[in-house]
Each structure stands twice: as structure tokens, then as C-alpha cells.
Amino acid sequence: MDMRRLAKPNIRALKAYRAEEIPCRIKLDANESPYGFSALRSVPVNRYPDPEAKTLRGLVAREFRVRPGNILHGNGSDELIYNLIATFGGPAAYPVPTFSMYGILSQALNEAKIEIPLDERFDLDTERFMEVIKKQKPKLIFLSSPNNPTGNRFSSDRIREIIRASKGVVVVDEAYQPFSGRNEFLPLIGKHRNLVILRTLSKIGLAGLRVGFMVADPAVINEVNKVRLPFNLNSLSQHAAAEALKNREQMHSHIRSVVSERKRLLREMKKTEGIEPYPSQANFILFKIRGAAKSVSGNRKAADRIYEGLLRKGILVRNMNGIFDGCLRVTVGRPAENTAFLKALRQLL
Ligand code: PMP
């Protein structure tokens, strides 16, 4: 598959903006200020950031066991989703419910969307996907695995079947992969040229930095790089992300704590009358409130009541009414926060 040909003709014809980094003793080329800020001494913020984020991409490449040429950096993975749609165009297909930005950004960029409901086990409906691939030839397919907001991983056979069948780009968004204990798709980079993997530092302690990565065939990276803004990742974020990646042990210990708390939270929620929690491989749990009326509006009202009750006790969760009627989504917090949540929830039920 010639990945270049999948890009929109206007993108194919583009040349990427080049901000060359030429080593020098006196730098007078970029209309920067010669004066930095003493409070930010460790990072020369008077200079533009490294447009290619070389240090950071090098560290990530080592962590992911790919080449730096397989990696593109984003201001969060949100930005990379935007850039992917800007590069390849629509239709963009994705299961529903899923992460809302696939739909929002497709619409913002005026590209067609194809929404395919998940099956009753929250897994991919491959039959429908195959039909859509054959008839509507989506340029992009977005698969969040583990999926937000359901929390489950899609079965890898189904994802692989979609990657093989698609004549467009298939994006496996692994924002929650660190909590899932599986790393099946990174090793497939190099085997499937149309596979793109998204990763982010947002869920593992660095959401405020806005750092995400795309891993893909260099031909795909090359096309998407043309629509990336030259200085999309600021120097403080590049610096802090690199420092955090060098401190892998702390990062992994936080991930282990979240996973172990997720298991406890799920166990406790299963024992709680009046709710139905769904299994999760992510850092959150989706759960249904069983409304007294056993009807859609009864479930909605019950979810609103618990949501507002929790908030009155100072605990904020996500109300999924409208996306997943009768459901709330709780993010795994610190042990004491999770205990407080469980106590408040039981009082309200
Ligand atoms: N993908 C998924 C599935 C997400 O849930 C989120 C965050 N809610 C993102 C991507 C965006 O992450 P980032 O902070 O890297 O933009």
C-alpha cells in the first residue's frame, strides 16, 4: 500500500515547513529575545522549542522499541487526531460510544463520519465494519482500545481483521494502554503500513504538559508532519516530559497503584447493591445505576440523582447520560479518595 497516496491531494503536494537547527555560537536568526527568565533557568524559554523534539522522540523511540522516524509528537494526542483528519480526510469511521473527539474533529474539519454501534459486549461489530470498509471505504478508522468510556479492550483478533481489511489508515488509540497490561500493537508497526498507534502522557501523570505521540510508518509520519504546526510542543513540556521518561520507575509505580486501586474499586462496586460496574482495563470504571422505574427515563433520573448527590458531598464523577443513559464514569483516584467515593455512593444508594 502506498501510504503517500492516501493523503489528500493538497497535502500530498505540500512540502513540510522546515525550521532548521544549525549549531552556532551566536544565534541571531529567529527574531527571538536574547534574554531568558531566571525563574525558568533550566529551559532557555527565550528560544523557540526544538521543532522536531529530537531528545524526547529519541527517548520515546527507545521505550517503544521503534525508530525516531516512526514517531511524531503532538500537543496532546487530541492534536494528532486533528492532524490525522486534516491529512487523510474522511470518511472517518469509529465505534460508538467512544472518545468524542473523533466525531467532533471530523465535523470541525467538514469530513464525513460513520458511527458503528458496539456489540452487546462493548466489542467491535466486525461484520458492520467489514460492510462499511467495503461500501464506504473510510480513509480513517479510529479504535480506542481500551475504549473510553466503556473501559474494555477490544478483542485483538477483531482489531487485526479491521487493519487487514482496511484500505485506509487504522488508528489504534492506546491512551489507556499503560493500565491494560498488554502491548500487542506496537510490535505490528512495520508489518502493517496503514497502522497508526496513538499514545499519551496525559493519563500517567502529565496531563498538564499536553504531550502525545503517534507511532506509524515513516511515510505516514511524513504526510502528517506537513500539517503539524512547527513549534507545536513547547520547550517546558519537552523538557519536563523527557525528565519524567528518564524517571520510568516512578511512572511505573504510579501505574501499578492505579491498577491495583482499580481492581479494589471494581471488587467493592460489584458488592454494592443498586449498581452494575463494567470490567475495565483503563484508569476509570463505567457503572450503571439501576433506576427504580427500570425504564430509560427512570435510569436517567437515577443517574442524575446519584451524580448530584456525589457532587453535594464534594465528589465529582462524569455523568454519562446522553452518551450512555443511566451510567456514571468514575476515575480511579488515590486510595483515600476511592474509599470516600465508595462510602458516599453507598450512602446515596
Ligand atoms: N484518546 C482517548 C481515548 C482519550 O480518552 C483521551 C483523553 N480523554 C485522549 C485521546 C486525549 O488525550 P490527550 O490528553 O493526549 O490529548
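Residues numbered from 1 in each chain as written. Predicted model: local features only at pLDDT ≥ 70, side-chain atom pairs only at ≥ 80, totals over all residues. Heavy atoms only, no water.

Chemist: Sorry, what's going on with the overall build of the protein here?
Modeler: Helix and strand content of the protein: 11 helices and 11 strands. For 349 residues, the compact-globule formula gives about 20 Å, and the C-alpha radius of gyration of the protein, at 22 Å, lands near that figure. Dimensions of the protein, computed from C-alpha atoms along their principal axes, come out at roughly 70 × 55 × 35 Å. Put simply, the protein has 349 residues, and 51% of those count as buried. (Helix = DSSP H or I, 4+ residues; strand = E, 2+ residues; numbered from the N terminus. Rg over C-alpha atoms; globule rule 2.2 N^0.38 Å. Buried < 20%, exposed > 50% of the residue type's maximum accessible area, 1.4 Å probe, protein only.)

Chemist: What's the story with the sheet that holds strand S11 (residues 327-331) in this structure? I'm lost.
Modeler: The strands making up a sheet are joined through hydrogen bonds of the backbone, oriented either antiparallel or parallel. Strand order in the open sheet formed by 4 strands is S8-S9-S11-S10, with antiparallel pairing between adjacent strands. Edge positions in the sheet fall to strand S8 (275-277) and strand S10 (318-319), since each of these pairs with one other strand and no more. Here strand S9 (residues 284-289) runs beside S11; their pairing, made up of 5 bridges, is antiparallel. For phenylalanine 284, the partnering residue across the bridge sits in S11 and is threonine 331. (Pairing = 2+ DSSP bridges.)

Chemist: Just checking my understanding: could you explain the domain arrangement of the protein for this structure?
Modeler: Reports often express the size of an interface as the amount of accessible area lost when the parts come together. Taken as a whole, the protein is organised into domain 1 (3-30 + 249-348) and domain 2 (54-246). Computed over C-alpha atoms, the centres of domain 1 and domain 2 are 17 Å apart. Tallying the contact residues gives 30 residues for domain 1 and 40 residues for domain 2. Roughly 2800 Å² is buried in total at the junction of domain 1 and domain 2, and carbon and sulfur atoms are behind 68% of that figure. Together, Met3, Met251 and Gln281 form the three largest contributors to the area buried by domain 1 at its contact with domain 2, with a combined 25%. Among the ionic pairs, glutamate 223 bridges to arginine 4, the shortest N-O distance being 3.9 Å. Counting residues per element, the side of domain 1 that touches domain 2 draws most heavily on helix H9 (residues 248-270), at 6 residues. Residues belonging to the side of domain 1 that touches domain 2 are distributed by class as follows: 20 nonpolar, 4 polar and 6 charged. (Domains from an automatic or database assignment. Contact = heavy atoms within 4.5 Å. Buried area = accessible area lost by both parts, 1.4 Å probe. Salt bridge = Lys/Arg side-chain N within 4 Å of Asp/Glu carboxyl O. Nonpolar A, V, L, I, M, F, W, Y, C, P; charged D, E, K, R; others polar.)

Chemist: What exactly am I supposed to notice about the pattern of salt bridges here?
Modeler: For side chains of opposite charge, pairing can occur when their charged atoms come near one another. Under the counting rule described, the total for this entry stands at 19 salt bridges. Ionic pairing is found between glutamate 268 and lysine 271, a salt bridge with its closest N-O pair at 3.2 Å. Using a relative accessible area of 61% as the deciding quantity, one classes lysine 271 as exposed. The salt bridge partner of arginine 346 is glutamate 268, with a shortest N-O separation of 3.0 Å. Of this pair, arginine 346 sits in helix H11 (residues 335-348) while glutamate 268 sits in helix H9, and the two are 78 residues apart along the sequence.

Chemist: How should the site of the ligand be read in this particular structure?
Modeler: What surrounds the ligand is a group of 14 residues, the closest being Ser77, Asp173, Thr200, Ser202 and Arg210. The contact in question runs from an oxygen atom of the ligand to an N or O atom on the side chain of asparagine 148, over 2.9 Å. Separating a nitrogen atom of the ligand from a side-chain N or O atom of lysine 203 is a distance of 3.1 Å. Against a free-state accessible area of 400 Å², the protein chains account for coverage of 91% of the ligand. For the shell around the ligand, the class distribution of residues is 4 nonpolar, 6 polar and 4 charged. (Near = heavy atom within 4 Å. Polar contact = N/O pair within 3.5 Å; in protein donor to acceptor, adjacent residues only side chain to side chain. Areas by Shrake-Rupley, 256 points an atom, 1.4 Å probe, with all protein chains shown as cover.)

Chemist: Before we go on, may I ask you to explain the packing of aromatic side chains in this structure?
Modeler: Two aromatic rings, taken as a pair, are described by how far apart their centres are and by the angle between their planes. Within the structure shown, the criterion is met by 8 aromatic pairs. Here the aromatic rings of phenylalanine 287 and phenylalanine 341 are separated by 6.0 Å at their centres, their planes lie at 70°, and the arrangement is edge-to-face. Within this pair, whereas phenylalanine 287 is found in strand S9, its partner phenylalanine 341 is found in helix H11, the two being separated by 54 residues in sequence. Following the ring pairs from residue to residue traces out a cluster consisting of Tyr94, Phe99, Tyr102 and Phe142. A cation over an aromatic ring shows up here: arginine 199 above the ring of phenylalanine 64, its NZ or CZ 5.0 Å from the ring centre. (Phe/Tyr/Trp six-rings, centres within 6.5 Å; stacked < 30°, edge-to-face > 60°. Lys NZ or Arg CZ within 6 Å of the ring centre and 35° of its normal.)

Chemist: Explain the pairing of strand S3 (residues 113-117) here, please?
Modeler: Look at any regular strand and the pattern is simple: side chains alternate between the two faces of the sheet. Of the two faces of S3, only one is covered, namely that formed by Ile114 and Ile116; the face formed by Lys113, Glu115 and Pro117 stays uncovered. As defined by bridge partners, strand S2 (residues 92-96) adjoins S3 across 5 bridges and the pair is classed as parallel. The residue bridging proline 95 from the neighbouring strand is isoleucine 116, located in S3. Taken together, S2, helix H4 (residues 101-108) and S3 constitute a β-α-β crossover, and its handedness is right-handed. (Right-handed = clockwise from strand over helix to strand, strands pointing away.)

Chemist: Help me out: how do you make sense of the packing of helix H3 (residues 77-88) against helix H7 (residues 218-227) in this one?
Modeler: How two helices sit against one another is set out by the angle between their axes and by the gap between those axes. Orientation of H3 relative to H7, taken along the N-to-C sense of each, is 100°, at an axis distance of 9 Å. Relative to H7, the element H3 is oriented roughly perpendicular. Contact with H3, carried on its side by Asn83, Leu84, Ala86, Thr87 and Phe88, involves Val220, Glu223, Val224 and Val227 of H7 and no other residues of that element. Its residues placed into classes, the contact of H3 with H7 shows 6 nonpolar, 2 polar and 1 charged. (Axes fitted to C-alpha atoms, helices over the stretch in contact; angles between N-to-C directions. Parallel < 35°, antiparallel > 145°, perpendicular 65-115°, else oblique.)

Chemist: Whenever I open this one, the packing of H9 against H11 confuses me. Can you help?
Modeler: Between H9 and H11, the least distance of the axes is 11 Å, while the angle of their chain directions is 15°. In this view, H9 runs roughly parallel relative to H11, as classed from their interaxial angle. Taken as a pair, H9 and H11 cross one another with a handedness that is right-handed. Together, Glu261, Arg264, Leu265, Glu268 and Met269 of H9 and Pro335, Asn338, Thr339, Phe341, Leu342 and Arg346 of H11 make up the contact between the two elements. Classifying every residue of the contact of H9 with H11 gives 5 nonpolar, 2 polar and 4 charged. (Left-handed = near helix turned anticlockwise from the far one by under 90°.)

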